Amino acid sequence: MKKNFQSAVDVDATAALTDTHPMSIRTFPFPEALLHLPFEYILSKYPDPAKRKVKSFIEDDAEVTEPIMQLQTVLKAILPPNCWSETLVSSSSHPETPVKKVQPLSLPDSKGLTPTMSPTLDVTLRISSESEKKNLWGIESFASAYLLRHIQPSSNGDIIPLHSLEEGLRKLVKSLNKVVIESEETVVQNLESRKEKLASVLVQCLTVKAQCEENLFSTVMPDHFDRLMILKEWRKACERVFKRAIVRLGHVDSGNGVTAVLSDSRCNEHITATGSFERAVRIPAAVKGAKSAGVGSRPSLPLITKIEDEYLTLAEEKILPMTHKISYLKRIKKKVSSLAQDAKGVPLTDDSDGEGGEDTMGSRGSYTAAVTAVATALKAVDMIVGGKCVNAFCAVRPPGHHAGRELHPMNAISNGFCLLNNVAAAALYAASPRSQGGLGLKRVCVIDFDVHHGNGTQDILCSTHDPRFLYVSTHAGGSHINGYEDDAIDDGLRRSPYTNHNEGIYPGRCGDVSPHPGVLNIPLGKKVTPSSLGTSLICQVTPAVEKFDPELIIISAGFDAHVNDPLGMGGLSAEDFGTVTKVICQMAMKSCSGRVLSILEGGYGVPCCRPLEKDLFLPKNSSDGSQQLKLLKLGPDLPDTMEDKMDYLLAKKLDKCHQEGFVECVKEHVRNLAANNNLDSP
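Along each chain, the written sequence defines residue order, and numbers are assigned to residues from 1. Selection of residues for local features in this predicted model requires a pLDDT of at least 70, selection of side-chain atom pairs for listing and counting requires 80 or more, and totals for whole chains, interfaces and linings are taken over all residues. Where side-chain values are given, they derive from all heavy atoms of the structure, hydrogens and water being excluded.

## Details of the overall build of the chain
How we decide: Helix and strand labels come from DSSP, where a helix needs a run of H or I of at least four residues and a strand needs a run of E of at least two; each type is numbered from the N terminus. Think of it in three bands: with a 1.4 Å probe and only protein chains considered, a residue is buried below 20% of the maximum accessible area for its type, exposed above 50%, and partly exposed in between. The contact definition used throughout considers only heavy atoms, calling two residues in contact when any of these lie within 4.5 Å. Working definition of accessibility: Shrake-Rupley area with a 1.4 Å probe, residue cover restricted to the visible protein chains.
Secondary structure assignment for the chain yields 22 helices and ten strands. The buried share of the chain, reckoned over its 682 residues, is 50%. Restricting the contact set of the chain to residue pairs at least 6 apart, pairs at least 24 apart contribute 76%. Working note: accessible area of the chain is about 32,800 Å², and carbon and sulfur atoms make up 54% of it.

## Thoughts on the sheet that holds strand β9 (residues 552-557)
To keep it simple, the criterion reads: Strands pair, by our definition, only if DSSP identifies at least two bridges between them. Each axis is a line fitted through C-alpha atoms, taken for helices only over the stretch in contact, and angles between the N-to-C directions span 0 to 180 degrees.
Reading across from one edge, β2-β1-β5-β10-β9-β6-β7-β8 is the order of the eight strands in this open sheet, with parallel pairing throughout. In the strand order of this sheet, the two ends are held by β2 (303-304) and β8 (519-523), each with one partner. Across the sheet, helix α17 (residues 455-462) is in contact with β6 (444-448), β7 (469-475) and β8; its angle to β7 comes to roughly 165 degrees.

## Observations concerning the pattern of salt bridges
Stated precisely, the cut-off is as follows: Here a salt bridge means any side-chain nitrogen of Lys or Arg lying within 4 Å of a carboxyl oxygen belonging to Asp or Glu.
Under the counting rule described, the total for this entry stands at 28 salt bridges. Residue E233 pairs with K236 through a salt bridge whose shortest N-O separation is 4.0 Å. In this pair, E233 and K236 are both assigned in helix α11 (residues 227-249), three residues apart and thus about one turn of the helix distant. The two residues E233 and K236 agree in class, both being buried. Within this structure, K209, E239, E551 and R595 form a network of salt bridges that share partners.

## Let's talk about the environment of I332
Its location among the elements puts I332 in helix α14 (residues 326-337). For the pair formed by I332 and L419, sequence separation is 87 residues and the distance between their alpha carbons is 7.9 Å. The contacts of I332, once residues within four sequence positions are left out, are L348, T349, Y367 and L419.

## A word on α11
As a reminder, the rule being used: Under the convention used throughout, the expected extent of a helix is 1.5 Å for every residue step, that is, one less than its residue count. Counting of polar contacts relies on pairs of N or O atoms within 3.5 Å, with two restrictions inside protein: one atom must be capable of donating a hydrogen and the other of accepting it, and residues adjacent in sequence are counted only when both atoms are side-chain atoms.
Between the first and last C-alpha of α11 there are 33 Å, a value that for 23 residues agrees with the 33 Å anticipated at 1.5 Å per step. Two to three positions downstream of the cap, the backbone nitrogen of L228 sits 3.3 Å from a side-chain oxygen, assigning the N-cap of α11 to D226.

## Here's the deal with the nonpolar core
For the record, the criterion: For the purposes of this section, nonpolar cores are sets of buried Ala, Val, Leu, Ile, Met, Phe, Trp, Tyr and Cys residues that join through side-chain atoms within 4.5 Å.
Within the largest apolar cluster, 104 residues are counted, with the highest numbers of intra-cluster contacts made by L420, I554 and L597. Take this core: its biggest share by element is 13 residues, from helix α15 (residues 366-385). V545, F577, L634 and L654 belong to the second largest nonpolar core, which has 70 residues in total.

## Points about the packing of aromatic side chains
How we decide: For this analysis, a ring pair means two rings from Phe, Tyr or Trp (six-membered ring only for Trp) whose centres lie within 6.5 Å, classed as stacked if their planes differ by under 30 degrees, edge-to-face if by over 60, and tilted for the remaining angles.
Counted under the stated rule, the structure contains seven aromatic pairs. Taking the centre distance of 5.2 Å and the plane angle of 75 degrees together, the rings of F559 and F577 count as edge-to-face. Taken together, the residues span a long stretch of sequence, with F559 in the loop between β9 and α20 (574-591) and F577 in helix α20 at a distance of 18 residues. F577 carries the same exposure label as F559, and that label is buried. Every member of this aromatic cluster is reached through a ring pair, and the members are F449, F559, F577 and F662.

## Quick notes on the pairing of strand β1 (residues 259-262)
We apply this condition: Assignment of crossover handedness uses the view with strands pointing away from the viewer, where a clockwise path from the first strand over the helix to the second indicates a right-handed crossover.
Here β1 shows two buried faces, one formed by T259 and V261 and the other by A260 and L262. Here four bridges tie β1 to strand β5 (residues 391-394), and the two strands are oriented parallel to one another. The residue of β5 that forms the bridge with V261 is F393. Crossover β1 to β2 through helix α12 (residues 282-292) is right-handed.

## A look at the pairing of β7
Consecutive side chains of a regular strand alternate in pointing toward one face of the sheet and then the other. Buried residues dominate β7, accounting for seven of its seven residues. Judged by which residues are buried, β7 turns out to be covered on both faces: F469, Y471, S473 and H475 on one side and L470, V472 and T474 on the other are all buried. Note: β6 against β7, five bridges, orientation parallel. Paired with C445 across the bridge in β7 is L470. Between the parallel elements β6 and β7, the chain passes through α17 in a crossover that is right-handed. Across five bridges, β7 lies against β8 in parallel orientation. Looking at the pairing, T474 lines up with I522 of β8.

## Looking at the environment of Y367
Relative to the helices and strands, Y367 is located in helix α15. Take Y367: its relative accessible area is 9%, and that puts it in the buried class. For Y367 and I332, which are 35 residues apart along the polypeptide, the C-alpha to C-alpha distance reads 7.4 Å. In this view, Y367 contacts E316, L329, I332, K333, V336 and L420; residues no more than four positions away in its chain are not counted.

## Section: the packing of helix α16 (residues 422-431) against α17
To keep it simple, the criterion reads: In what follows, roughly perpendicular refers to angles from 65 to 115 degrees, roughly parallel to angles under 35, roughly antiparallel to angles over 145, and oblique to any angle outside these ranges. Crossings are classed by handedness, with left-handed meaning an anticlockwise turn of the near helix from the far one by less than a right angle and right-handed meaning a clockwise turn. Each residue gets one label: Ala, Val, Leu, Ile, Met, Phe, Trp, Tyr, Cys and Pro are nonpolar, Asp, Glu, Lys and Arg are charged, and the others, such as Gly, are polar.
One can describe the packing of α16 onto α17 by two numbers: an axis separation of 9 Å at closest approach and a directional angle of 25 degrees. Between α16 and α17, the angle falls in the class roughly parallel. Relative to α17, the crossing made by α16 is right-handed. In this structure, α16 contributes V423, A424, A427 and L428 to the contact, and α17 contributes T457, I460 and L461. Classifying every residue of the contact of α16 with α17 gives six nonpolar, one polar and no charged.

## Observations concerning the confidence of the model for the chain
The condition is simple: Along the chain, pLDDT gives the predictor's confidence residue by residue, from 0 to 100.
In this model, the chain carries a mean pLDDT of 83, and residues with pLDDT of at least 70 account for 75%. Note on residues 486-496: pLDDT is under 50 here. Beyond four places in sequence and across chains, it has 27 contacts. Confidence drops under a pLDDT of 50 for residues 498-502, and excluding neighbours within four residues, the segment shows nine contacts in the predicted structure.

## Side note on the packing of helix α10 (residues 191-218) against α11
Running from N to C, α10 and α11 cross one another at 175 degrees; their axes reach a closest spacing of 10 Å. Between α10 and α11, the angle falls in the class roughly antiparallel. Of the residues that constitute the contact of α10 with α11, the class distribution is 18 nonpolar, no polar and seven charged.

## A few points about the environment of V606
Mapping V606 onto the fold places it in the loop between β10 (596-600) and α21 (648-654). If we ignore the near neighbours within four places in the chain, the residues touching V606 are R279, V281, R282, A285, L632, L654 and F662.

## Describing the state of the cysteines
A disulfide bridge is the covalent bond that connects two cysteines by way of their sulfur atoms. Selection criterion: The disulfide criterion used throughout: a pair of cysteine sulfur atoms within 2.5 Å.
Going through the model one piece at a time under the given rule, you end up with zero disulfides. You can see C608 has no disulfide; the closest cysteine sulfur is in C609, sitting 6.5 Å from it. Relative accessible area serves as the criterion here: at 5%, C608 is assigned to the buried category. C665 takes part in no disulfide bond, and the closest cysteine sulfur, belonging to C657, lies 8.8 Å away.

## Considering the side chain of S366
Position of S366 relative to the elements: it lies in helix α15. For S366, a relative accessible area of 0% translates into the label buried. Of note is the side chain of S366, whose polar atom sits 2.8 Å from the side chain of H270. Among all residues touching S366, those that are not within four sequence positions of it are E269, H270, I271, V336, L348 and L419.

In structure tokens form, the structure reads like this:
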């Protein structure tokens, strides 16, 4: 038995995050099979005290000895072929004890086995290799005693107001039992059929969960019923069914313990201006970081590099019109389609006055790249909610959290490198009713740890209070930096990503306050530091998320708060980003069976990947120092046709990211997603 050496603080934290008692964390692991052995069977392996010679206690210091129970022998006795004969028992060193013979129980599937039963033991708890596979669950396996007291009929047979919850839970458990038994009895496993059955059970689970929640709020209950506590326990019971379905019906490359990374080469068609922080090489760099975390090396960490066209159609025809105004989509699409084939770095989000396009530039393929990024996020949502993976990371670009319903969201001066909002589109898809082409989730939480406030995401999801969404943002900023709201002065509202700190931080004052309960904005000052971010996670973010109790958490994963990022607005290390990821995964494990979708936003600390072009203004024999700069090796993930042009000053600024930068941040992020994807852990 392996001891648990966790400190008291770690034990209490783990217990709180996993909703278990601290003693269960400290307790030594015990062989599961022994807990289900009939008591009479255990006693049959122990010497009969009446047959033993009693030792005379004449000497005070005489040693009293008892035979040691051989647990390993007991375990072996219940496994074939030992369970078919008494060879193991007869070989024991202990004297054989007469045991009262018990009439063998006749079962059609016993295959000749005659197990000994304790009179007080239920038939379903008997140990055999066959019956274990057919162990069916009741609602007691998933509902707490508190919930059962409030949803089951009383002893006198009276119907209680919440009997619909009991019926719903019984329906779920019955479906789970049926699918599990059918799948495990099948000799030749059809993995696709198994995945379809799993997806069907999960859809039913989330649907019944939502329907019964509505019934709970519409039902008149006795005064002594605590509606909120019953609701909390109901959600937990349904999520336990969800977890059990994934654990029992999953596969090595689908289901429990799987973290997927998704990308698509069409995102590389978005080509920005020379010297832009948001460069095409960010995707190959993100893939390199993910591979460093083990992605693609084993079935439980798949790398998906091609998104089906059906998701692009879904994005463009159904989801994007829900996310952005039609006029905005037409404007961007028309602007991109009017560009020449070889155009690069052209402003795409400038308004009728020619403002707002200086930072968001692109090329003829930019719109396709942006739609592909949204489609990737939609596929990832499908995979998570459908039980194909527990969590996922989307390495896509262009980023999206500054793109609102239309230009200048929340009065920002520009779109901050963003065209279409990937996170908002994924959240709307997840929370839309199934009748409208969505997945029907009741609550989706967005956690944005990019160094900038996600004004576009807040504009789309939370311009007014929508109970389906909670938007949480930790970012650089604050009223002491951006100034206070003044209706007579408008110069403090619009900030560029390149704005000097003395003039405020992009996108302005919109992230300094939280306008209603559906928004939690946490400005952290001029720079995001580990202490300020950690404090906000513990004291503000975690309580808010637990209260909201989401069914899916979406991360706006921006790594531009890293200490070496060229924006210079953060002090975090790659390990800090890993810790943040772990905390978010633990929140999700407690509320929504670990369902986390992470979508790449900012993070620009990628060293130069191509040799610099010589400065034409320098003498032929002079050196600008570019020969001394080290290139980032991305291997086959860097397409031969992909350029990475920049001037020497920017290349020199990014050179320190060889020590630690964007690649390492993605590595730690994905590594912690993969380390927190086990639904079967205690």
